[in-house]
Amino acid sequence: MHPNSIKILHIDSNHPLLLEQLQQAGFTNHEDYKSTKEEIEAKIQDYTGIVIRSRFKIDKTFIDKATNLKFIARVGAGLESIDCDYATSKNIHLIAAPEGNRNAVGEHTLGMLLSLFNKLNRADKLVREGNWIREGNRGYELEGKTVGIIGYGNMGKSFAKKIKGFDVTVLCYDIQENVGDENAQQVSLQELQQKADVISLHIPWTPETDKMVETKFINSFAKPFWLLNTSRGKNVITADIVDALKSGKILGAGLDVLEYEKLSFENLFLDSEKPAAFQYLLDSENVILTPHIAGWTFESHEKLAQTIVDKIKAYF
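Just so we're clear, the structure is a prediction, and the values are computed from it rather than from any experiment.

Focus on the overall build of the protein chain
Each helix and strand in the protein chain was counted, giving twelve helices and twelve strands. Taken over C-alpha atoms, the radius of gyration comes to 21 Å for the protein chain, in line with the 20 Å a tight globule of 316 residues would show. Projected onto its principal axes, the C-alpha positions of the protein chain cover 65 × 45 × 35 Å. Counting all 316 residues of the protein chain, 49% fall into the buried class. About 15600 Å² of surface is accessible on the protein chain, with carbon and sulfur atoms providing 49% of the total. Taking the 37 positively charged and 43 negatively charged side chains of the protein chain as two groups, their mean positions are separated by 1 Å.

What to know about helix H7 (residues 154-163)
Within the sequence span of H7, burial applies to Met155, Gly156, Ser158, Phe159, Ala160 and Ile163. Where H7 is buried, its residues meet helix H5 (98-118), strand S6 (146-150), strand S7 (169-173), strand S9 (198-201) and strand S10 (225-229).

Side note on the packing of H5 against H7
With their axes 8 Å apart at the nearest point, H5 and H7 run at an angle of 45 degrees to one another. With respect to H7, the axis of H5 lies oblique. Note on packing geometry: the crossing formed by H5 with H7 is right-handed. Residues Pro98, Glu99, Asn101, Arg102, Asn103, Val105, Gly106, Glu107, Thr109, Leu110 and Leu113 of H5 form the contact with H7, whose own contacting residues are Asn154, Met155, Ser158, Phe159, Lys162 and Ile163. Tallied by class, the residues present in the contact of H5 with H7 amount to seven nonpolar, six polar and four charged.

Details of the layout of surface pockets
Gaps left between atoms are located by rolling a probe of water-molecule size over the structure's atoms. In this structure, the second largest pocket encloses a volume near 200 Å³. Taken together, 14 residues form the lining of the second largest pocket, with Leu116, Lys119, Leu251, Glu285 and Asn286 sitting closest to its centre. Taken together, the residues that form the lining of the second largest pocket break down as seven nonpolar, four polar and three charged.

Let's talk about the sheet that holds S6
Strand order in the open sheet made by the seven strands is S8-S7-S6-S9-S10-S11-S12, with parallel pairing throughout. Single-partner strands in this sheet number two, and they are strand S8 (185-186) and strand S12 (287-289). Bridge analysis of strand S11 (residues 250-255) against S12 gives three bridges, and the strand direction is parallel. Bridge pairing in S12 links Ala253 to Val287.

Some remarks on the packing of helix H1 (residues 16-24) against helix H12 (residues 298-315)
Between H1 and H12, whose axes approach to 8 Å, the crossing angle comes to 25 degrees. Taken together, H1 and H12 sit at an angle that is classed as roughly parallel. Crossing of H1 against H12: the hand is right-handed. Residues Leu17, Leu18, Gln21 and Leu22 of H1 form the contact with H12, whose own contacting residues are Glu302, Ala305, Gln306, Ile308, Val309 and Ile312. Split by residue class, the contact of H1 with H12 holds seven nonpolar, two polar and one charged.

So, the environment of Lys234
As for its placement among the helices and strands, Lys234 is situated in the loop between S10 and helix H10 (238-247). Exposure remark for Lys234: the relative accessible area of 30% places this residue in the partly exposed category. Lys234 sits 225 residues away from Leu9 along the chain, and the two C-alpha atoms are 29 Å apart. Not counting chain neighbours up to four residues away, the residues in contact with Lys234 comprise Trp205, Thr209, Asp210, Lys211, Glu259 and Glu261. Of note is the side chain of Lys234, whose polar atom sits 3.2 Å from the backbone oxygen of Glu259.

Describing the pattern of salt bridges
In total, this model carries 14 salt bridges according to the counting rule given. For Arg138, the salt bridge is made with Glu135, and the minimal N-O distance between the two is 2.7 Å. Neither residue differs from the other here; Arg138 and Glu135 are each classed as exposed. In this structure, Asp197 and Lys223 form a salt bridge, with 2.9 Å as the shortest nitrogen-oxygen distance. With Asp197 in the loop between helix H8 (189-195) and S9 and Lys223 in the loop between helix H9 (215-219) and S10, this residue pair connects regions lying 26 residues apart in the sequence. Judged by its relative accessible area of 31%, Lys223 falls in the partly exposed class. Bridged by salt links that share partners, the residues Lys37, Glu41 and Asp59 form one connected network.

Calculation criteria
- Residues numbered from 1 in each chain as written.
- Predicted model: local features only at pLDDT ≥ 70, side-chain atom pairs only at ≥ 80, totals over all residues.
- Heavy atoms only, no water.
- Helix = DSSP H or I, 4+ residues; strand = E, 2+ residues; numbered from the N terminus.
- Rg over C-alpha atoms; globule rule 2.2 N^0.38 Å.
- Buried < 20%, exposed > 50% of the residue type's maximum accessible area, 1.4 Å probe, protein only.
- Areas by Shrake-Rupley, 256 points an atom, 1.4 Å probe, with all protein chains shown as cover.
- Lys, Arg positive; Asp, Glu negative; His and termini not counted.
- Charge placed at Lys NZ, Arg CZ, Asp CG, Glu CD.
- Contact = heavy atoms within 4.5 Å.
- Axes fitted to C-alpha atoms, helices over the stretch in contact; angles between N-to-C directions.
- Parallel < 35°, antiparallel > 145°, perpendicular 65-115°, else oblique.
- Left-handed = near helix turned anticlockwise from the far one by under 90°.
- Nonpolar A, V, L, I, M, F, W, Y, C, P; charged D, E, K, R; others polar.
- 1 Å grid on protein atoms, 1.4 Å probe; cavity = no way out; pocket = protein on both sides within 12 Å on 5 of 7 lines; lining within 4 Å.
- Points joined across faces, edges and corners; volume = space filled by probe spheres on them.
- Pairing = 2+ DSSP bridges.
- Polar contact = N/O pair within 3.5 Å; in protein donor to acceptor, adjacent residues only side chain to side chain.
- Salt bridge = Lys/Arg side-chain N within 4 Å of Asp/Glu carboxyl O.

Structure representation (structure tokens):
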């Protein structure tokens, strides 16, 4: 197909270059950032492509109405908001952009770990309150520790490259074979659990990873460990993490994503009383919480859009 015959519906706002470069390449762009899913479904048959972030789920009902759809492009790393199997069965090409924010995620993950080890958040708060406490804020060094990365794709590799310079041993576990590289040795999950001092999750949210980090999983580690999650909130059971924080099995946690997030990632579900586990995280000095921003930098905003443009142009 020629770009001049392709109409693309954009249902989430993104970096301006995405619209500009697609238009320059001959594609026709339409924007609709406010209509409901049902309203979009009523007109989606008019479009060849759709560009989304996470406003709503692209499910079987949506795909059945999208009779002329040739591609779905998600400006982000994962595709869990799309019924990928059904879309593929309808010969709809799926595009994601994990290359666009992998560096941002790697840097953010490292930043959270350094903050945890050096008690930066706690120390900063105490000084602002007028408390000059040195011994109570003694930290840890990364050198000599073993860092275990679960999920060794774009994000895991980015984190490994950055943390390798701290003279740590980096191990990785992945369901794919032969993904280890000069920055991380691929091992079995059992070996990783025997040796790791730090665990960093860089996995998609799938039926296999849903609620993966729970009590039995946590207790399979030989040593107490620090936990980092910049993947998806529903990969963990928060209450089980809290139990492990209370017992000392988890020494501290850096959580950029939460089990309580809505699908769009724009809000928490918390419209009423906070769950007890979430309140514990809010009150804990050895927990760092950020609002799903590990891949949300000014640079990645542009890189994500550019990656999507490049992939759409390459496909056609």
